[in-house]
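# Remarks on the overall topology
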Amino acid sequence: MAALEIDDPNCYPLTGVGWASSQSTCPKEYQLIVTTTDGSSANFAKGFGQKSNCYLCVSSLLNKENPQGDIVSDIQLLPDKNPLPSGYAFISEFLDPKVIVSKKKRLCIKTVPFGGADSAVFDIKLTGKSKQIVPLYTCIGELSGFVIWCKKGRLDKPKPLPKPRSIALDIRGLSLENESSRKREELDVAPVRLSKRRTTLEHKDSVYSAENIYGISAMDGVPFVLHPRFESTSVNYNYSFMTEKTAAARLPPTAS
């Protein structure tokens, strides 16, 4: 049985199907199907050879936005000798004590929870034995002079609404993300600062390192002796030749 797309927002899936003798025996949540599509009486008791009444009745899901219980996902008309399919049950009976439904053919339905169903039965109509066709309905079969039709389609389930979020939390989260990003950027670009004393010591070590040949002075290790002709220079110009003496006293570095 093919399932159609049900676009009508006022069309609700059935939750039950049954037999009822009258409005008084029919549960309040059920509706009697008292006429066929052409307006004729839909009393099955005449076909059963009984004087009392017997009508089909159906119940519908009242609110698709807040579904409760099971819905009818399929309906079949079985000959008496056919076994009941798995997951199916015969329709309910709300009849007067003396009314007996024919056992030659019996209607059965399959009910499933609304949340687990992909398709459902939305309506049932009855016609006479004529070749009348009900558009968009599927023929189930003939019973006691009536042809039973059902409208089956895919369920249009309401989409769950997203959880509302607090604006204050969103702003706070954005602020924390910006602050965290700024701190990461500062860590990435922050230069390594060295103290003045450490910089000076490292500079001296690199200049006079044995691995740096450019740090070796030509005067290193050469004895300093002042020529007699320049002895008067230190007196007249108050020049002590301290730089030259210091260079001469320093030993040249040795390679390890």
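Let us look at the structure shown here. (Residues numbered from 1 in each chain as written. Predicted model: local features only at pLDDT ≥ 70, side-chain atom pairs only at ≥ 80, totals over all residues. Heavy atoms only, no water.)

## Details of the overall build of the chain
Formally: The helix and strand labels rest on DSSP assignments: H or I over at least four residues marks a helix, E over at least two residues marks a strand, and numbering proceeds from the N terminus. Categorising residues by exposure relies on relative accessible area from a 1.4 Å probe, with only protein chains included: less than 20% of the type maximum marks a residue as buried, more than 50% marks it as exposed, and the intermediate range marks it as partly exposed. Whether two residues touch is decided by their heavy atoms; if any such pair falls within 4.5 Å, the residues are in contact. For accessible areas, the Shrake-Rupley method is used with a probe of radius 1.4 Å. Any residue's cover is judged against the shown protein chains and nothing else.
When helices and strands are counted, the chain shows four helices and eleven strands. Expressed as a percentage of the 256 residues in the chain, the buried residues total 29%. Partitioning the contacts of the chain with sequence separation of at least 6, the portion at a separation of at least 24 is 71%. A total of about 18100 Å² of accessible surface is found on the chain, and carbon and sulfur atoms cover 55% of it.

## Quick word on the packing of aromatic side chains
Selection criterion: Paired rings are identified among Phe, Tyr and Trp, the last through its six-membered ring, by centres lying within 6.5 Å, and are further divided according to the angle between planes into stacked (under 30 degrees), edge-to-face (over 60) and tilted (the rest).
Counted under the stated rule, the structure contains three aromatic pairs. With 4.9 Å between their ring centres and 75° between their planes, W19 and F44 make a pair best called edge-to-face. Residue W19 is located in strand β2 (residues 14–20), and its partner F44 is located in the loop between β3 (30–33) and β4 (55–60); the two are separated by 25 residues in the primary sequence. The exposure class of F44 is buried, given its relative accessible area of 0%. The interplanar angle of 50° and the centroid separation of 4.8 Å between the aromatic rings of F44 and F146 together place this pair among those described as tilted. Taken together, the positions of F44 in the loop between β3 and β4 and F146 in strand β11 (residues 146–154) put the pair 102 residues apart, joining distant regions of the chain.

## Section: the sheet that holds strand β7 (residues 92–94)
One key point about sheets: their strands pair by backbone hydrogen bonds, in either a parallel or an antiparallel sense. Defined as follows: Here, any two strands with at least 2 DSSP bridges between them count as paired. The axes used here are C-alpha line fits, helices contributing only the stretch in contact, and every angle between their N-to-C directions lies in the interval 0 to 180 degrees.
On the basis of which strands lie adjacent, the open sheet formed by four strands has the order β3-β4-β2-β7 and mixed pairing. Looking at which strands have only one partner, the edges of the open sheet turn out to be β3 and β7. Between one strand axis and the next, the sheet turns through 35° on average, direction left out of account. Looking at chain direction, β3 and β4 are connected through four bridges and run antiparallel. Residue pairing in the sheet places Y30 in a bridge with S59 of β4.

## What about the environment of V121?
Following the sequence through the fold, V121 ends up in strand β9 (residues 119–127). Along the sequence, V121 and T111 sit ten residues apart, while their C-alpha atoms lie 9.9 Å from each other. Those residues in contact with V121 that lie beyond four places of it in its chain are P13, L14, V72, S73, D74, I75, C150, K151 and K152.

## Re the pairing of strand β8 (residues 105–113)
Relative to β8, strand β5 (residues 70–79) runs antiparallel, the two being bridged by nine bridges. Within the sheet, the bridge partner assigned to L77 lies in β8 and is L107. With three bridges joining them, strand β6 (residues 88–90) and β8 adopt antiparallel strand pairing. Across the sheet, the residue bridging to A89 is I109, located in β8.

## Considerations on the sheet that holds β8
Read from one edge to the other, the open sheet built from three strands follows the order β5-β8-β6, with strand pairing classed as antiparallel. Every other strand in the sheet has two partners, leaving β5 and β6 as the edge strands with one partner each. The average angle at which neighbouring strand axes cross in this sheet is 35°, direction not considered.

## Some remarks on the nonpolar core
Rule in force here: Definition used in this section: a nonpolar core is a set of buried Ala, Val, Leu, Ile, Met, Phe, Trp, Tyr and Cys residues joined via side-chain atoms within 4.5 Å.
Of all hydrophobic cores here, the largest spans 27 residues; its most connected members are W19, L56, L107 and I124. Among the elements of the structure, β2, β4, β5, β8, β9, β10 (138–143) and β11 are those that each provide at least two residues to this core. Membership of the second largest hydrophobic core comes to nine residues, among which are F114, A117, F122 and L155.

## Things to note about the state of the cysteines
Where we set the bar: Sulfur atoms of two cysteines make up a disulfide when they are within 2.5 Å.
Tallying each qualifying case throughout the model produces zero disulfides. This cysteine, C26, is not joined by any disulfide, and C57 carries the nearest cysteine sulfur, 4.2 Å off. Looking at C26, the relative accessible area reads 7%, which means it is buried.

## Section: the environment of F146
Judged by its relative accessible area of 11%, F146 is buried. Each C-alpha atom of the pair F146 and A42 lies 7.7 Å from the other, and the pair is 104 residues apart in sequence. Apart from residues lying up to four places away in sequence, F146 is in contact with T36, S41, A42, N43, F44, T127 and G141.

## Thoughts on the pattern of salt bridges
For clarity, the threshold we go by: In the sections that follow, a salt bridge refers to a side-chain nitrogen of Lys or Arg positioned within 4 Å of a carboxyl oxygen of Asp or Glu.
Tallied over the full model, the rule gives three salt bridges. Linking D74 and K152 is a salt bridge whose minimum nitrogen-to-oxygen distance equals 3.6 Å. Taken together, the residues span a long stretch of sequence, with D74 in strand β5 and K152 in strand β11 at a distance of 78 residues. The same class applies to D74 as to K152, namely buried. Here K125 makes a salt bridge to D123, at a shortest N to O gap of 3.8 Å.

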